[in-house]
Amino acid sequence: MKGSPFLSAGRLAAGGGGRLVLPVVLCATFVQLLNVTVAQIAAPAIRADLGAGSGAVQLILAGYTLTYACLLITAARLGDRYGYHRLFALGTVVFMAGSVAAACAPDATFLIAARLVQGAGSGLVAPQVLSIIQVAVPAARRPRALGLFGATMGVASLAGPLIGGLLVGADLFGLGWRSVFLVTVPVALVSLAGATVLPRTRGAAGQRVDGVGVSLTTVGFGALVLPLALGGEAGWPWWTWATLAVSAAVLGCFALTLPHQPDPLVHPSLFRDRRARAGVLLVFVFNSGVPSFTYLLFLHLQSAIGYPALTAALTSAPFAAAAVLGSRSAPALARRHGSAVLTVPALVLAGTALALAPLIGTAAGRWAALPVLALGGATFGSFTASVFASVLARVDGSAAGSVSGLLPTAQQLGGSIGVAAAGLVYFAPAAGPGAAFRHAMTYEAAVFTATAPFYRAFTVRALDRGEATAELGAPVGTDQGRAGCRGRQLVLASPPRFTGTTSWPRVQGLTQGDSGELTGCRTA
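Since this is a predicted model, take the numbers as computed values, not measurements.

With that out of the way, let us pick up the side chain of Ser416. Here Ser416 shows up in helix 17 (residues 397-426). Ser416 gets classed as buried once you look at its relative accessible area, which sits at 14%. If we skip the residues at most four places from it in the chain, Ser416 touches Thr65, Val225 and Leu228.

The final tally for this structure, using the stated rule, is 1 salt bridge. Residue Arg178 pairs with Asp49 through a salt bridge whose shortest N-O separation is 3.7 Å. Placement of Arg178 in the loop between helix 5 (142-170) and helix 6 (179-182) and of Asp49 in helix 1 (residues 21-50) is noted, with a sequence separation of 129 residues between them.

Let us now look at the environment of Pro186. Counting through the fold element by element, Pro186 comes out in helix 7 (residues 184-194). It is 9.9 Å that separates the C-alpha atoms of Pro186 and Val31, two residues lying 155 residues apart in sequence.

Attention shifts here to the packing of helix 3 (residues 84-103) against helix 4 (residues 108-136). Where helix 3 contacts helix 4, the two axes come as close as 7 Å, and the packing angle between them is 155 degrees. Looking at the two axes, helix 3 sits roughly antiparallel to helix 4. With respect to the hand of their crossing, helix 3 and helix 4 are arranged in left-handed fashion. Of the residues in the contact of helix 3 with helix 4, the class split is 18 nonpolar, 9 polar and no charged.

The tally for this structure, following the rule as stated, stands at 8 aromatic pairs. Between Phe286 and Phe380, the ring centres sit 6.1 Å apart and the planes meet at 15 degrees, which makes this aromatic pair stacked. With Phe286 in helix 11 (residues 274-287) and Phe380 in helix 16 (residues 363-394), the pair connects residues that are 94 residues apart, well separated along the chain. Since its relative accessible area comes to 3%, Phe380 is described here as buried. An aromatic cluster is present here, built from Phe286, Phe293, Phe319, Phe380 and Phe448 joined pairwise through their rings.

Here we come to helix 1. Look at helix 1: 40 Å from first C-alpha to last across 30 residues, which is about the 44 Å you get at 1.5 Å a residue. When the local axis directions of helix 1 are compared, the greatest deviation, roughly 55 degrees, occurs at Ala42, which is followed within four positions by the proline Pro44. Extensive coverage of helix 1 is indicated by the burial of 21 of its 30 residues. Looking one or two places after helix 1, you find Gly51, whose phi comes out positive at around 65 degrees.

A positive phi is found at Phe173, a non-glycine position, where the angle reads about 55 degrees. Here Phe173 is to be found in the loop between helix 5 and helix 6. At Trp236, a residue that is not glycine, the phi angle is positive and equals roughly 55 degrees. Here Trp236 shows up in the loop between helix 8 (211-234) and helix 9 (238-257).

Structurally, Thr74 can be placed in helix 2 (residues 54-82). Apart from residues no more than four positions distant in its own chain, Thr74 is found in contact with Val214, Thr217 and Leu265.

Looking now at the confidence of the model for the chain. Summing up the model confidence of the chain, the mean pLDDT is 74 and the portion of residues at 70 or higher is 75%. Element-level mean pLDDT values for the chain span from 36 in strand 2 (residues 499-501) up to 92 in helix 3. The model gives residues 1-16 a pLDDT under 50, and that stretch makes 48 contacts with residues more than four places away or in other chains. Segment residues 460-524: pLDDT under 50, and 126 contacts once partners within four positions in sequence are set aside and those in other chains are kept.

Looking now at the nonpolar core. Phe88, Ile133 and Leu356 are the most contacted members of the largest nonpolar core, which has 98 residues in total. The element best represented in this core is helix 1, accounting for 10 residues. Residues contacting Phe88, with those up to four places away along its chain left out, are Val24, Val25, Ala28, Val125, Gln128, Val129, Ile132, Ser191, Ala195 and Leu198. Core analysis: the second largest hydrophobic core is formed by 23 residues, Val57, Ile60, Leu111 and Val180 among them.

Calculation notes
Note that residues are indexed from 1 along each chain, following the sequence as it is written. Local features in this predicted model are restricted to residues whose pLDDT is 70 or higher, and side-chain atom pairs enter the listing and the counts only when it is 80 or higher, whereas totals over whole chains, interfaces and linings include all residues. Water and hydrogen atoms play no part in the side-chain values, which are based on all heavy atoms of the structure. Numbering of helices and strands runs from the N terminus, with a helix taken as a DSSP run of H or I at least four residues long and a strand as a DSSP run of E at least two residues long. Summary of the burial criterion: residues with accessible area below 20% of their type's maximum are buried, those above 50% are exposed, and those between are partly exposed, where the area comes from a 1.4 Å probe applied to protein chains only. Two residues form a contact once any of their heavy atoms are found within 4.5 Å. Any Lys or Arg side-chain nitrogen found within 4 Å of a carboxyl oxygen on Asp or Glu counts as a salt bridge. Geometry is summarised by axes, namely lines fitted to C-alpha atoms with helices restricted to the contacting stretch, and by angles between N-to-C directions that run from 0 to 180 degrees. Throughout, the term roughly parallel applies to angles under 35 degrees, roughly antiparallel to angles over 145, roughly perpendicular to angles from 65 to 115, and oblique to all others. Handedness of a crossing is defined here by the sense of rotation of the near helix relative to the far one, left-handed for an anticlockwise turn of less than a right angle and right-handed for a clockwise turn. Following the grouping adopted for this structure description, the nonpolar residues are Ala, Val, Leu, Ile, Met, Phe, Trp, Tyr, Cys and Pro, the charged ones are Asp, Glu, Lys and Arg, and the polar ones are all others, Gly among them. Any two of the Phe, Tyr and Trp rings considered here, Trp counted by its six-membered ring, make a pair once their centres fall within 6.5 Å; the pair's planes then place it as stacked at under 30 degrees, edge-to-face at over 60, or tilted in between. A helix is expected to span 1.5 Å for every residue after the first. We define the bend at each residue as the angle formed by axes fitted to the 7 residues ending at it and the 7 residues starting at it. What pLDDT expresses is the predictor's confidence in each residue, scored from 0 to 100. Throughout this description, the term nonpolar core refers to a set of buried Ala, Val, Leu, Ile, Met, Phe, Trp, Tyr and Cys residues connected via side-chain atoms within 4.5 Å.

Listed below in structure tokens is the structure:
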């Protein structure tokens, strides 16, 4: 298999806009994740205006995620082959076309097709964002850039229902629900105009795209997402379980064929890299909780308590606003507290879910729930801003190209499975809406609690191999970066990878000005 250009500066052609690169790719990230949730609030208005049945509405909501999730791994490989900036620009154009078509949809069928196009555009763009950050942002600034990337994802996901509620409630220019699709077009235009400053990656000459892998992943992920999205509304008929079985069989075939492909869709080293596997699993488990948490909160506020869309959106505003503050503090918290920046927020989110259950049932309790939501939002922001940076900093270079597609795939699949599972718990027989919400929040608490051991496994595996983990992410040449590394090898994340020996109190050959961050120190 040919090497990935993911970390190779030598594969960059002339061009690149320096500090403009990050705002451009983060704008694209924002509109991608915003569209996962922004239409949820508009669903009742869409149903009334277009005369759509419940199944059609579910397809309108799920169609975006369906094509988005199916294309992520393939798009990462296409970026390696044809250049990240080309796929970024192409995906942005496809996304904008789908957005305009969705806003102009005359009927439900047309809107479903437009949402599929929207999702395909986002699926083409998302993996290129991570790849562009890795090749265009200097190593010294990369952890902060990845932190901002994670924060943007988190805030966009939370802002979707809030923005959707505001737009539907305001009914700007009489557009009603159509404005939730048009609002993303100006941001996408900015991203498309900014694509001119992105670095020109040449791609990997002679590298082929694995057609078998593309077919298997598209069918496998599609057969997984579709029944998860539609099963709850349809009452989980036999075809949903049959489709899930097909998904398991197809994805199993994909895993079995990987070692036999000359240019596999997923780099084989990923399966040998325990840190990469644990990191993808960590993202999957955490995201099986967050989208379902906001989904359950909006569902309960609107269906059980009777809040209109705008009021429900404003009730959740402390969570979204605090997430912004939490994400901004994440880099400093990571330097100060190390792995606790991921383990503690997961446990705080579990406590938030349990505390919210009894509060949300009364008017006075809902006021008391606002600071609880703010605390949960702040910890969510710090987790999300840190997790992608932590995972990518620990992944070997040969596996990084595949991880750029697998991480957002894990994010989307985790969200789809989490929403389906949370819906099953919420709609299970219960004494009343309040009891149903308590059961659902107990599920959320269990998911967030499970995230902490996954991260511990992520770091303990490194410790078992003799690597220090308490100072991971610390800048090299500092006391924090040197602590615990006496007489060991120092491993850096910056390309080309540097391995040097350490002594106390100096790190030989490294100073404060050296680029890169400490990712481990291995016993010599």
